[in-house]
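# Chains, contacts and geometry: an overview
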Amino acid sequence: MVYLTRKCEFSASHYYHNPEFTEEENRRVFGKCANLNGHGHNYTLEVTVKGAVDPRTGFVVDLKELKEILNREVIDALDHRHLNKEVPEFAKQIPTTENLAIAIWNRLEKQLHIAKLHRVRVYELPDLFVDFYGEA
Amino acid sequence: MKAHLTRRYIFSASHRLHRDELTEEQNRTVYGKCSNPYGHGHNYALEVTVSGQVDPATGMVCNLVELDEAVRREIVDRFDHVNLNILPEFAGEVPTTENLSAIVFEILQQSFTAAHLEKVRLEETAMNSFEYCST
């Protein structure tokens, strides 16, 4: 089994707000992130796939295909977007880095027929990242 | 859904790797430059990984402010700008980064209970790092 990781970047804005909370609760739980005017990040995404190395090509996965899927399913959908307003997963869900990693996993897993998805890692900042392994 | 969250922190400390029961030559053989008598220092980068179910109300594994406060209070305030050798945590123990990562893990496991502590990873320099997790 070999693991291959591909990295890409996207920039997006968001805010954290639960309409079932009072304004005070939103401010207490989410702090500055609750500002409804939003703010943004440069996100770094690392997608790790796993599989046996194909003896004919020496590849775990065709990187061109992986890159195309990443561009289509993730970058085109998220880059330079407002996550709360433009990405359907976040119409009701709060676009935390946790939920973003899960949403990216779900988008990729449906489309990634060329290899098995192992991990989605999303950096919101260089000192903060979330890993999702598809665990329930 | 279960997710893993990792946060990175920086602290700086000095240490000397040396055991009194060894001769100077033996210390030099085992620890090399790290046994120089006056010690030396590092900028340590600590990565703390916690895991848990993502709370549907908040979208979070745990509140980051609470994690930051716990790590600052229990780890950074304790180990930043100190000489590790004189701390009670290292009485009778050599302050290698292996031992430091185990101590950091044990302290955080006791003091931060809002999520499951998966792992600590400690970079002593950009070239070497150590990971400790519960068995």
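Now for a quick tour of the structure. Please read all numbers here as calculations on a predicted model, not as lab measurements.

## Brief notes about the environment of R72 of chain B
In this fold, R72 of chain B is placed in helix α2 (residues 64–79). Once the C-alpha coordinates of R72 of chain B and C34 of chain B are considered, the two residues, 38 residues apart in sequence, prove to be 27 Å apart.

## Points about the interface of chain A and chain B
Contact residues are listed per partner, giving 18 residues for chain A and 15 residues for chain B. Secondary structure elements with two or more residues in the side of chain A that touches chain B: α4 (97–111) and β5 (128–132) of chain A. The dominant element in the side of chain A that touches chain B, judged by the number of residues it contributes, is β5 of chain A, at five residues. Each residue belonging to the side of chain A that touches chain B can be placed in one class, and the counts come to nine nonpolar, five polar and four charged. Bridge analysis of β5 of chain A against strand β1 (residues 2–15) of chain B gives four bridges, and the strand direction is antiparallel.

## A word on the nonpolar core
Formed by 53 residues in total, the largest nonpolar core has its most connected members in A101, I104 and V122 of chain A together with A3, L46, V61 and V104 of chain B. Counting residues per element, this core draws most heavily on α4 of chain A, at six residues. In this view, I104 of chain A contacts L45, V74, V120 and V122 of chain A; residues no more than four positions away in its chain are not counted. The next biggest cluster of nonpolar side chains, apart from the first, holds five residues, and it includes Y16, V29, F30 and I94 of chain A.

## A word on the environment of V47 of chain A
Residues and elements named next belong to chain A. By the element assignment, V47 lies in strand β2 (residues 39–51). For V47, a count of 24 C-beta atoms within 10 Å gives the class buried. With sequence-adjacent residues up to four places away left out, V47 is seen in contact with T5, R6, L70, L108 and V120.

## Concerning the pairing of β2 of chain A
All names here are of chain A. Bridge count for strand β1 (residues 2–14) against β2 is 13 bridges, and the pairing is antiparallel. From the neighbouring strand, R6 faces β2, where its bridge partner is V47. One ladder, built from seven bridges, connects β2 with strand β4 (residues 116–125); its direction is antiparallel. If you follow L45 over to β4, its bridge partner there is V122.

## Things to note about α4 of chain A
Compared with an ideal rise of 1.5 Å per residue, which puts 15 residues at 21 Å, α4 of chain A spans 21 Å between its outermost C-alpha atoms and is within 8% of the ideal. All of the buried residues along α4 of chain A are T97, E98, N99, L100, A101, I102, A103, I104, W105 and R107 of chain A. Next to the buried residues of α4 of chain A lie β2, α2 (63–78), β4 and β5 of chain A together with β1 of chain B.

## Overview of α2 of chain B
Residues and elements named next belong to chain B. Taking 1.5 Å per residue as the helical rise, α2 with its 16 residues ought to reach 22 Å, and the 21 Å between its terminal C-alpha atoms agrees with that figure. Most pronounced at R72, the bend in α2 amounts to some 40°. Of the positions making up α2, those classed as buried are L67, V71, I75 and F79. Next to the buried residues of α2 lie β1, β2 (40–53), β3 (82–83) and α3 (97–111). Count one or two residues on from α2 and you reach H81, which has phi positive near 55°.

Rules used in this analysis
- Once a new chain begins, its residue numbering starts again from 1 and follows that chain's sequence as written.
- To read the labels, note that chains go from A and ligands from 1, taken in the order they are written.
- Where local features are concerned, this predicted model is filtered to residues with pLDDT of at least 70; where side-chain atom pairs are given and counted, the filter is 80 or more; whole-chain, interface and lining totals use all residues.
- What counts as a helix is a DSSP run of H or I of at least four residues, what counts as a strand is a run of E of at least two, and both are numbered from the N terminus.
- Contacts here follow a simple rule: the backbone-placed C-beta atoms of the two residues must lie within 7 Å.
- Polar here means any residue outside two lists: the nonpolar Ala, Val, Leu, Ile, Met, Phe, Trp, Tyr, Cys and Pro, and the charged Asp, Glu, Lys and Arg; Gly therefore counts as polar.
- Pairing between strands requires that DSSP locate at least two bridges from one strand to the other.
- The term nonpolar core refers to a set of buried Ala, Val, Leu, Ile, Met, Phe, Trp, Tyr and Cys residues connected through C-beta atoms within 7 Å.
- Each residue is classed by its C-beta neighbour count within 10 Å, where at least 20 other C-beta atoms makes it buried, 12 or fewer makes it exposed, and intermediate counts make it partly exposed; the C-beta atoms are placed from backbone geometry.
- Given the number of residues in a helix, its expected span is that number minus one, multiplied by 1.5 Å.
- For a residue, the bend is simply the angle between two axes, fitted respectively to the seven-residue segment ending there and the seven-residue segment starting there.

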